Amino acid sequence: MKLKRVTAILLAGVMAMGLVACGSGSDTAADTTTSTSTATDTADDSESSDLLGSADATIHLKVGTTPDGHYVLGLVEMQKKLEEYSNGEMTLDIYPNSALGGESDMMDAVSMGTQDMVLSSTGPIPDFSSATDNWATLDLPYLFETAEDAYKVLDGEIGQSLLDEFQGSGIKAIGFWENGFRELTNNTKEVATPADLAGMKIRTMENAVHMATYTALGATPTAMAWGEIFSALQQGTVDGQENPLAIILTAKVYEVQKYITMIDLFYSPCVLMINEDIYNNFTDEQKEAFDKAAEDGKVAERQISQELASSARATMEAEGVVFTDVNKDEWVAAVQSVYDDASLKIDQDLLAKIKAETAK
């Protein structure tokens, strides 16, 4: 069965779960119990019960994430491959929709060993430890023009050096998966220029670079966890938010946001992480199975992300959503001050390496 067909089948179920969970507008409580489990464990979250791995596996790795859609579909692919490569010994139990907590909470839990794995955006990484504070450089606006530019950097020496910065933190960072290019939504008016954002409250990730960027654009950024978005949009606490089209589609954000502005402001990767001790205690054969499955999951997740992004606009336009294309040069010029903001943790040497790699 081709991946595109698998994506369509899985996506139907994932979108249904996302509507229920995200529509509630709140995160469920974090699970703080020891999460390395055996096949006899049962699901503690009914929404993710269909995402638990094979009951015959003897090693169940509990992995949490925030959104549905391409994140979960990639993890499902990894789950399938992990069972295959380990001859049924290993599997993933997948918990989406912040069922195990917000991204920062899950990263802390993984580092302490009370959760096995997390697939997280890069948003909370700069504040995780002093060793990872230069990750803020990856959050700069218009750092990458294309996904291929991002892959070239993140899958190469630069990306590996960033992943290696987690050593000794309790987390082993496995690789860069994809969130996507972040677009702007609102339910007030068409936004075509930065001037149109004046006075608007925009939900952002809890990320200093993203907030500084929206401030430079004239908006009022409001940091907010994923699980709080829907109620905030419905109640008018914020005017809009920003996310990749794949998430806007699969989480049905467009049902409460009529306008989408295609600004491609940030390329947002996500990172697959596992508790360091758990990984180090794998046998060589288990490490090989895990690494191969993670790589296959990454490749599949990126492909799914691209497929969703390419079809999302037509799908949402059919639902009455108004899309606005912009003069991107105008937006690029408006955010240049962020690159020189001394209060942000921008590693200028790393930035120079990235620009050299992408010939910018």
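Procedures and definitions
- Residues numbered from 1 in each chain as written.
- Predicted model: local features only at pLDDT ≥ 70, side-chain atom pairs only at ≥ 80, totals over all residues.
- Heavy atoms only, no water.
- Core = buried A, V, L, I, M, F, W, Y, C linked by side-chain atoms within 4.5 Å.
- Buried < 20%, exposed > 50% of the residue type's maximum accessible area, 1.4 Å probe, protein only.
- Helix = DSSP H or I, 4+ residues; strand = E, 2+ residues; numbered from the N terminus.
- Contact = heavy atoms within 4.5 Å.
- Expected span 1.5 Å × (residues − 1).
- Bend = angle between axes of the 7 residues up to and from the residue.
- Pairing = 2+ DSSP bridges.
- Arc of directions from axis to C-beta.
- Polar contact = N/O pair within 3.5 Å; in protein donor to acceptor, adjacent residues only side chain to side chain.
- Phe/Tyr/Trp six-rings, centres within 6.5 Å; stacked < 30°, edge-to-face > 60°.
- Lys NZ or Arg CZ within 6 Å of the ring centre and 35° of its normal.

(A) Representation of the nonpolar core. In terms of nonpolar packing, the biggest core is built from 40 residues, with Trp135, Phe166 and Met273 touching the most fellow members. Secondary-structure elements contributing two or more residues to this core are α3 (103-112), α4 (147-154), α5 (157-164), β4 (171-186), α6 (208-216), β9 (267-275), α12 (336-339) and α13 (348-357). It is α4 that contributes the most residues to this core, five residues altogether. Leave out the neighbours within four places in its chain, and Met273 touches Met107, Asp116, Met117, Val118, Ser120, Ile125, Phe166, Ile171, Lys172 and Ala173. Counting 26 residues, the second-largest nonpolar core is a separate cluster that includes Ile59, Tyr71, Leu92 and Trp177.

(B) Quick look at helix α10 (residues 284-317). For α10, spanning 34 residues, the distance from its first C-alpha to its last is 50 Å, which sits close to the expected 50 Å at 1.5 Å a residue. At Ser311, α10 is deflected by roughly 40°, the largest bend along its length.

(C) Just the pairing of strand β7 (residues 240-244), in detail. Counting buried residues along β7, five of its five residues qualify, which places the element largely inside the surrounding structure. Here β7 shows a buried face lined by Gly240, Glu242 and Pro244 and a second buried face lined by Gln241 and Asn243. Sheet analysis places β4 next to β7, joined by five bridges and oriented antiparallel. From the neighbouring strand, Leu184 faces β7, where its bridge partner is Glu242. Pairing geometry for strand β5 (residues 201-204) and β7, over two bridges, is parallel. Residue Ile202 lies in a different strand from β7, and its bridge partner there is Gly240.

(D) Highlighting α13. Residues of α13 that are buried: Leu350, Leu351 and Ile354. Along α13, the residues classed as buried sweep out an arc of 100° about the axis, all on the same side. Across α13 from its buried face, at more than 90 degrees, point the exposed residues Asp349, Lys353 and Ala356. Between the side-chain oxygen of the N-cap and the backbone nitrogen of Asp349 there are 3.0 Å, and the N-cap of α13 in question is Asp347. Positive phi shows up at Ala359, right after α13, with a value of about 55°.

(E) Main features of the packing of aromatic side chains. According to the stated counting rule, one finds nine aromatic pairs in the structure shown. On the numbers, 6.5 Å between centres and 50° between planes, the contact of Tyr214 with Phe266 is tilted. Here Tyr214 is found in helix α6, whereas its partner Phe266 is found in the loop between β8 (259-262) and β9, with 52 residues between them in sequence. Accessibility assignment for this pair places Tyr214 and Phe266 in one class, buried. Ring centres 5.8 Å apart and planes at 65° place the aromatic pair Tyr279 and Phe282 in the edge-to-face group. Residue Tyr279 is classed as buried on the basis of its relative accessible area of 8%. An aromatic cluster is defined as three or more aromatic residues linked by ring pairs; in this entry it consists of Phe128, Trp135, Phe166 and Phe176. Lys62 extends its terminal NZ or CZ atom over the ring of Tyr95, reaching a point 5.1 Å from the ring centre. The positively charged end of Lys292 is found above the aromatic ring belonging to Tyr85, 4.3 Å away from the centroid.

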